[in-house]
Amino acid sequence: VELIEFVRSVIQLHAATISVSFKSEVQSAWIQADQQLLQRIISNILLNSLQAKQEHVDLQVAVAVTRKENRIVLSVTDNGTGIDAQLQDKIFLPHFSTKKSGSGLGLAIAKQGIEQMGGSIYFESAHGSGTLFYIELPINE
């Protein structure tokens, strides 16, 4: 999968509901990935950003692609509600959710899928000021 155009197409799928800025340090990045699963994972993170929107604050979501040695790093940043420190170690557990609706499987599936693609997924978050998700995947040279 050529990641840069792929990410642009996933962002475009959500253009009607969420405004996302996109920038990439690299022109092209080929990765070995399950395209459908990767689309679901990125879509899930974008949807989580939308659902974490703070009242009376314009939602800002930014997606960026950088290269780190032989890996590509996709980051998704939002200025949403963030994740409480005491909940952060549970975020990737199956059936765990901070929302009223949903199965709590999205990020568990994301973690398993990214790891099956030889990558890793992790995040930084501060309650009240947003979350930054990272997806690292090996580059297929």
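Everything here concerns the structure above.
Residues numbered from 1 in each chain as written. Predicted model: local features only at pLDDT ≥ 70, side-chain atom pairs only at ≥ 80, totals over all residues. Heavy atoms only, no water.

## Observations regarding the nonpolar core
Counting 37 residues, the largest nonpolar core has Leu-3, Leu-38 and Ile-72 as its most contacted members. At the level of elements, α1 (3-13), α2 (35-51), β2 (61-68), β3 (71-78), α3 (106-116), β4 (120-126) and β5 (130-138) are the ones that each hand at least two residues to this core. Sequence-distant contacts of Leu-3, defined by excluding residues within four places in its chain, comprise Ala-29, Ile-31, Leu-38, Val-65 and Ile-72. (Core = buried A, V, L, I, M, F, W, Y, C linked by side-chain atoms within 4.5 Å. Buried < 20%, exposed > 50% of the residue type's maximum accessible area, 1.4 Å probe, protein only. Helix = DSSP H or I, 4+ residues; strand = E, 2+ residues; numbered from the N terminus. Contact = heavy atoms within 4.5 Å.)

## Details of the side chain of Ser-75
Along the polypeptide, Ser-75 turns up in strand β3. With near-sequence residues (within four places) excluded, Ser-75 lies in contact with Ala-62, Val-63, Ala-64, Leu-132, Phe-133 and Tyr-134.

## What about α3?
Given 3.6 residues per helical turn, the α-helix brings residues three or four places apart onto the same face. Those residues of α3 lying buried are Leu-107, Ala-108, Ala-110, Gly-113 and Ile-114. Remark: Gly-118 follows α3 within two positions and exhibits a positive phi of approximately 85 degrees.

## Some thoughts on the packing of α1 against α2
Contact geometry for α1 and α2: axes closest at 10 Å, N-to-C directions at 50 degrees. One element, α1, and the other, α2, form an angle in the oblique class. α2 is crossed by α1, and the crossing has right-handed handedness. Residue-level contacts link Leu-3, Phe-6, Val-7, Val-10 and Leu-13 of α1 to Gln-35, Leu-38, Gln-39, Ile-42 and Ser-43 of α2. Here the residues of the contact of α1 with α2 sort into seven nonpolar, three polar and no charged. (Axes fitted to C-alpha atoms, helices over the stretch in contact; angles between N-to-C directions. Parallel < 35°, antiparallel > 145°, perpendicular 65-115°, else oblique. Left-handed = near helix turned anticlockwise from the far one by under 90°. Nonpolar A, V, L, I, M, F, W, Y, C, P; charged D, E, K, R; others polar.)

## Regarding unusual backbone geometry
The residue His-56 is not glycine, and still its phi comes out positive at about 60 degrees. Looking at the element boundaries, His-56 is found in the loop between α2 and β2. The class for His-56 is exposed, based on a relative accessible area of 81%. If you check the backbone angles, Glu-69 has positive phi at about 55 degrees while not being a glycine. Relative to the assigned elements, Glu-69 resides in the loop between β2 and β3. For Glu-69, a relative accessible area of 70% gives the class exposed.

## Focus on the sheet that holds β3
Here five strands make up an open sheet; going across it, the order is β1-β2-β3-β5-β4 and the pairing mixed. Of all the strands in the sheet, the pair left with one neighbour each is β1 (20-24) and β4. Between one strand axis and the next, the sheet turns through 15 degrees on average, direction left out of account. Set on the sheet, α2 makes contact with β1, β2, β3, β4 and β5; between it and β3 the angle comes to about 25 degrees. (Pairing = 2+ DSSP bridges.)

## What to know about the packing of α2 against α3
Running from N to C, α2 and α3 point in directions that differ by 140 degrees, and their axes come no closer than 10 Å. Between α2 and α3, the angle falls in the class oblique. When you trace α2 past α3, the crossing you get is left-handed. Across from Leu-37, Leu-38, Ile-41, Asn-44, Ile-45 and Asn-48 in α2, the residues of α3 making contact are Gly-106, Leu-107, Ile-109, Ala-110, Gly-113 and Ile-114. In terms of residue class, the contact of α2 with α3 is built from eight nonpolar, four polar and no charged.

The values are spatial; any link to function lies outside them.
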